[in-house]
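# Fold and contact review
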Amino acid sequence: MNLIKHGKNVHELQLQGCQVHVAMLSDIHWDNPKCDRDLLKRHLDFCKENYIPVIINGDFFCLMQGRGDNRRNKEDVRPEHNNARYLDSIVETAVEWFEPYANTIKLIGYGNHETGVIKYQETDLLRRFVDLLNYKCSSNVQTGGYGGWVIIRQFLNTTSQVSTKVKYYHGSGGGGVVTKGALNLTRALEMYEDFDVFTMGHIHENSSRNDVRECVNHNSKKGYSVKQRQLHLMLTGTYKEEYGEGSHGWHVERGAPPKPLGGRILKIECKEVDNSMQKNIDSFKFPL
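First, a word on scope: everything that follows refers to the structure included in this document. Model, not experiment: these values are computed from the prediction.

Cut-offs used in this document
- Residues numbered from 1 in each chain as written.
- Predicted model: local features only at pLDDT ≥ 70, side-chain atom pairs only at ≥ 80, totals over all residues.
- Heavy atoms only, no water.
- Salt bridge = Lys/Arg side-chain N within 4 Å of Asp/Glu carboxyl O.
- Helix = DSSP H or I, 4+ residues; strand = E, 2+ residues; numbered from the N terminus.
- Buried < 20%, exposed > 50% of the residue type's maximum accessible area, 1.4 Å probe, protein only.
- Core = buried A, V, L, I, M, F, W, Y, C linked by side-chain atoms within 4.5 Å.
- Contact = heavy atoms within 4.5 Å.
- Pairing = 2+ DSSP bridges.
- Axes fitted to C-alpha atoms, helices over the stretch in contact; angles between N-to-C directions.

Counted according to the given criterion, the structure contains 15 salt bridges. Between Arg-127 and Asp-131 there is a salt bridge, and its shortest N-O distance comes to 2.6 Å. Taken as a pair, Arg-127 and Asp-131 lie in helix 4 (residues 125-137) at a separation of 4 residues, close to a single helical turn. For Arg-127, a relative accessible area of 29% translates into the label partly exposed. Judged by relative accessible area, Asp-131 falls into the partly exposed class, the value being 40%. One network of salt bridges, in which partners are shared, links Arg-85, Asp-88, Glu-92 and Arg-128.

This is the structure we're talking about:
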């Protein structure tokens, strides 16, 4: 597993094999007391044991309990962060917690929680976390953007390779109780070109769908032909369980429902069929 940086938010992930997996996580909110760290640990351990690289699409941290943040709540700060160095202590304890996964996590993008701290506190906590983790573990975790691209280059053998273009975007808006983010995926089809996979977090849903587009391909021997291009679109869930028993709290009072926990695992399978390389893309939830 090798990650190459081509631009601020454009990276290439090199993998070996006809079938590869990439874990897509978002909205971990690691420093929030409501983060299900046991579930997160099980998922990261699964990735580590099975050599599955991890990409995190924003809101790695929560970061809402700092001075001047109108969202702060004494119930939402962990004891180890309840001190005069609130932000620093989050970075330091996060590095210690994530050290076992320093070589499993490949890319972390920004979410609105990280950019909010940059805006109001003038410090980049995600950049500080990645730098310190890489320094302590000699790893190569990289930061992406609020949105960006990951090209998964799949080496099938010594002479054959296939690329899959993943467009990631942390997300915007509040989702919807009825549509559950379906409109966000349809908007992506109108906004972005030439992607094979689109992934979004932010609204704390967990689902996927497949779309198909007609296109024209050119072959130097056969000329032009009509093909169907398979597109995979997915929403990744959160690791912050904030509904609880539904008795109180901001999440309950705004009328939001319980949200699915956990990320998704992207599966890309390539196979030669009738002298033509076929590719199947799908995603699934983590196993129990």
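Another aspect to go through is the nonpolar core. Generally speaking, a soluble globular protein has its nonpolar side chains buried in company with each other. By size, the foremost hydrophobic cluster in this structure holds 38 residues, and its most contacted members are Leu-25, Ile-28, Phe-60, Phe-61, Phe-98, Ile-108 and Phe-129. Only strand 3 (19-25), helix 1 (37-49), strand 4 (54-57), helix 2 (86-98), strand 5 (105-109) and helix 4 provide two or more residues apiece to this core. With 7 residues, the top contributor of residues to this core is helix 2. If near-sequence neighbours (up to four positions away) are discounted, Phe-129 is found in contact with Phe-60, Phe-61, Val-91, Ala-94, Val-95, Phe-98 and Ile-108. Grouped together as the second largest cluster of nonpolar side chains are 20 residues, Val-22, Val-150, Val-162 and Val-197 included.

Across the sheet, 7 strands lie side by side as 1-2-7-8-9-11-10; this open sheet has mixed pairing. Taken across any chain shown, the strands that pair with only one partner, and hence form the sheet edges, are strand 1 (2-7) and strand 10 (207-219). The mean angle between the axes of side-by-side strands here comes to 20 degrees, regardless of whether they run parallel or antiparallel. Both strand 2 (residues 10-16) and strand 7 (residues 147-155) contribute to a ladder of 7 bridges, which runs parallel. Bridge pairing links Leu-15 to Gln-154 in strand 7.

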